Amino acid sequence: MKHKVFSLINIVGLTIGLSASFVIGLMIYYDATFDTFHEDGDRIYRVVSDFSDPEGIGYNPGVTLALEDAIKDNLNFEIVNGFYVERPMKVENKANDLEFKWPNFVIFTTQDYFKMFKYKFLAGDASHVLSNPNNVVLTEKRAADYFPNMLPTDIVGKTLVYNDSLNVTVSGIVENFKERTDFVFEEFISRPTLLQTRLRENVLNKQWENTNSDSQLFVKVSPSADLNAVQKRFDDLAETHRSDDSKKYGYKQQFKLQPLSDIHFNENYGIYDWSKGQASKSLLTSLALVALFLLVLGCINFINLNTAQASQRAKEIGIRKTLGSSRKQLIGQFMGETFLLVLTSAVLSLVLSKWLIAVFSDFVPEGLGFELFKSPLIILGILILLMVVTFLSGFYPALVLSKFNTVSVLKNHLSVGDKKIKLRKFLTVFQFSIAQMFIIATLLVGQQINYLLSKDMGFKTDAIVSVYSPRGEREISKKEIYVQKLKTIPELKKISIGGVAPASLNTNSTTVTYRNGEKEVNSELQFIFGDAMYSELFDLNILAGRTLRNDTIKELVINEKCLRNLGFANPDEAIGKTVQLSNETIPIVGVMADFHQRSLRSEIKPMALRGDWNRPDWSQFQAIHIAFQNASSEDLKATLSKIENAYKSVYTETDDYRLEFLDETIQNFYNRERKVSKLLSWATGLSILISCLGLLGLVIYTTNRRVKEIGVRKVLGASLLQINALLCKEFLVLVAIAFIVAAPLAWFGINSWLQNFAYKTTISFWVFLVSGFAMIFFALLVISAKTLQAANANPVNSLRSE
């Protein structure tokens, strides 16, 4: 209470650091505890597929259906269980006249699934629930949807109808996992039932080179399993079943064991509920570093101010020693005082944490709430953190204070040691180096994000919307009727039927072969699907030849990347040539300029525009793309309403209306970068605040010590500017040194981050200058606020104090 300003500075710094630590620690704990409750979880692995070719490496969470049979009898495995993820078009409870469209989290599996993952059965015989075809086990939550107001025991034996024709009997009800998990499945249908679905041929004719992400395989290894031997077995199987074409063109597949604990974090293979978003270890690491830096900055303020104030408590310490206090007792006293300040900051931090969870909603997982602070592990973690912070903040000042010589103190012969001054200068430089790095990083990340969002994608992106037809609809007739209705809306400029827009997360790829005499060239090829208007609506730049003549004729418009891969010297040379695609000869009728189908993190891939070749069996066209005459906000709402009304007049039996703006899709590519930018902005602001508060405390202390010197200088004729420059110089030198330290470190960090992008901005020299001047400006503002006050004071008051 005696030193209110210094106490406030310490509490604010520690509160900011502890608040960040509490919330970020909560996030790390939340994500780290997914699927940790499974019995023998350290022995459960998902088998995944890695693909390599001359273009690079690809990842798939699924495996070929043939792999499960090949490893069934391997002694290294205690349980082998494969399941197939499916999304039925419709499920009906006809007894209650209930219908459910497109239920998610449905799998076809075997009894072994429940041996590997222990569910609590509420009804049904746990040992035989999936022993027969046409059986299904429901979770308690899904059972309540399908059979409302019925007990689990009464639901067993009831019938559900899938996709109008598949009758399935409920054989069991299980409790939903109460702990955090990525296994979000709600319906488990016996796997032999697959033979009655559209997947029958895939199940009967298991192809080693047919890998589907929906085909999942889990194994539980035996306690004595040799994982190296398991991997060798996988490698041998992949090599044995590698086709001649794969060997010829350098394609290779590898099966790998993915630990259960890795599923939640590994973005290469993904999780089962994409709507929740994948946890990112790199993002959590960045958040943890931000929390650590902010906490360290708060501790530095404490050390700096307490050592700077040491002389003001010298007489108190001398008297205590004279009255018999030992150094150990004094250290205990000062550590106790520190703990009280840390505890005050912790209480404030808990109050702030609830607000921070809302502010950082972009980072905070959906299921994370303030009530997680009640977890015993979190409470223990907070207590340990408070002890660590108390030790880091208070131990060195306590040593300094308790070391004073009693005689020197009482005779007022106390001097400030060079070591203490050097330490304070070092810690000040460290503080401002951190703040400086945050400023540089914020500016450069912002520059890269601006580059990503403003770079020309190679096609028209504004004023275009895509309306998707109902899931599972494979006919083209209703889409054509819908297009005719849209043509009556005058606000629409162009309309095209096709697959997804040129920029999307969807991938449909194959390989093509071009033979030029005896020379044979093979290339990966990604498809986009569209009618004759597709290239015109999206303003794709046709460099040679023409676009597609109609929807169904078999011809290709390739991009420049594919052109180069196939060995053509220029676009005109490719026109009229043919490529082999799945034993068919397809002509190249046009060459389009390269465009970015993905985010700028990835390079442009070989690509081709093609029509809808699989009619009448089914259609690849799933969307109607619409370009507006005028996309002004006043007209847009009314136009969108007309588009939706036209849709509902055609698709009268569904409410599955999906609309996507192309520019929003492109912006969504960079959600993570925007999160990083927001994180850095907060970290920058808070680090500057903590650093400047600490600097303010040191300036207050320094000017108070030099008040007589300032008075003498004023009496001798020094101007206000000269006195201010004298007092500022010492601190500005420290800020300048901090910039020299921070600049190369920030450049190295941002340069490493930019390597994640195939297309990136250059690191501008002006960013470093702006950040340096900004930091000096903030420091000068803080320093001058106090030094000008001291320099303005009447020298008579300071010189007559004795």
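Here we summarise the structure given alongside this text. (Residues numbered from 1 in each chain as written. Predicted model: local features only at pLDDT ≥ 70, side-chain atom pairs only at ≥ 80, totals over all residues. Heavy atoms only, no water.)

Attention now goes to the pattern of salt bridges. Side-chain pairs of opposite charge can arise whenever the charged atoms involved come near each other. Evaluation of the coordinates by the stated rule reveals 25 salt bridges. Notably, a salt bridge pairs Arg-191 with Glu-68, separated by 2.8 Å at the nearest N-O pair. Of this pair, Arg-191 sits in the loop between strand E11 (187-190) and helix H6 (200-204) while Glu-68 is found in helix H2 (residues 66-71), placing the two residues 123 residues apart along the sequence. Classification of Arg-191 as partly exposed rests on a relative accessible area of 24%. Residues Lys-494 and Glu-536 are paired through a salt bridge, measuring 3.7 Å at the closest nitrogen-oxygen approach. (Salt bridge = Lys/Arg side-chain N within 4 Å of Asp/Glu carboxyl O. Helix = DSSP H or I, 4+ residues; strand = E, 2+ residues; numbered from the N terminus. Buried < 20%, exposed > 50% of the residue type's maximum accessible area, 1.4 Å probe, protein only.)

Judged by pairing direction, the sheet is antiparallel, and its four strands sit side by side in the order E15-E23-E14-E24 without closing on themselves. Strand pairing shows two members of the sheet lacking a second neighbour, strand E15 (492-498) and strand E24 (658-661), which therefore form its edges. Going across the sheet, the axis of each strand differs from the next one's by a mean of 20°, ignoring polarity. Summarising the sheet, strand E14 (residues 464-468) and strand E23 (residues 623-628) pair through five bridges and their orientation is antiparallel. When the sheet's bridge partners are listed, Val-465 is paired in E23 with Ile-626. (Pairing = 2+ DSSP bridges. Axes fitted to C-alpha atoms, helices over the stretch in contact; angles between N-to-C directions.)

Looking now at the nonpolar core. Core analysis: the biggest nonpolar cluster contains 85 residues, and Leu-18, Met-27, Leu-368, Phe-538 and Leu-662 have the highest contact counts within it. Looking at this core, the element that brings in the most residues is helix H1 (residues 4-32), giving twelve residues. Contact partners of Leu-18, with chain neighbours within four places excluded, come to Leu-295, Val-342, Ser-345, Ala-346, Ser-349, Leu-385, Leu-386 and Val-389. Membership of the second largest hydrophobic core comes to 43 residues, among which are Ile-476, Leu-640, Ala-646 and Phe-661. (Core = buried A, V, L, I, M, F, W, Y, C linked by side-chain atoms within 4.5 Å. Contact = heavy atoms within 4.5 Å.)

Estimates place the volume of the second largest pocket at around 860 Å³. Lining the second largest pocket are 26 residues; nearest its centre among them are Ser-286, Leu-680, Gly-749, Ile-750 and Trp-753. Put simply, the parts of the chain that give the lining of the second largest pocket at least two residues each are helix H9 (281-308), helix H14 (418-454), helix H21 (671-705) and helix H23 (720-754). With seven residues, H9 is the largest single contributor of residues to the lining of the second largest pocket. Classifying every residue of the lining of the second largest pocket by side-chain character gives 17 nonpolar, six polar and three charged. (1 Å grid on protein atoms, 1.4 Å probe; cavity = no way out; pocket = protein on both sides within 12 Å on 5 of 7 lines; lining within 4 Å. Points joined across faces, edges and corners; volume = space filled by probe spheres on them. Nonpolar A, V, L, I, M, F, W, Y, C, P; charged D, E, K, R; others polar.)

Pairing of strand E4 (residues 90-93) with strand E9 (residues 159-162) involves two bridges; the strand directions are antiparallel. When the sheet's bridge partners are listed, Glu-92 is paired in E9 with Val-161. Across four bridges, E9 lies against strand E10 (residues 166-174) in antiparallel orientation. Counterpart to Val-161 in the pairing with E10 is Asn-167. Where E9 folds back onto E10 in an antiparallel hairpin, the turn is made up of three residues, including Asn-163, whose phi is positive at roughly 50°.

This part is about the packing of helix H22 (residues 707-715) against H23. In the contact formed by H22 and H23, the axes pass within 10 Å of each other and the chain directions differ by 150°. Between H22 and H23, the crossing angle belongs to the class labelled roughly antiparallel. By crossing handedness, the relation of H22 to H23 is classed as right-handed. Between H22, through Glu-709, Ile-710, Arg-713 and Lys-714, and H23, the contact on the second element is made entirely by Ile-723, Leu-726 and Leu-727. Looking at the contact of H22 with H23 residue by residue, the classes come out as four nonpolar, no polar and three charged. (Parallel < 35°, antiparallel > 145°, perpendicular 65-115°, else oblique. Left-handed = near helix turned anticlockwise from the far one by under 90°.)

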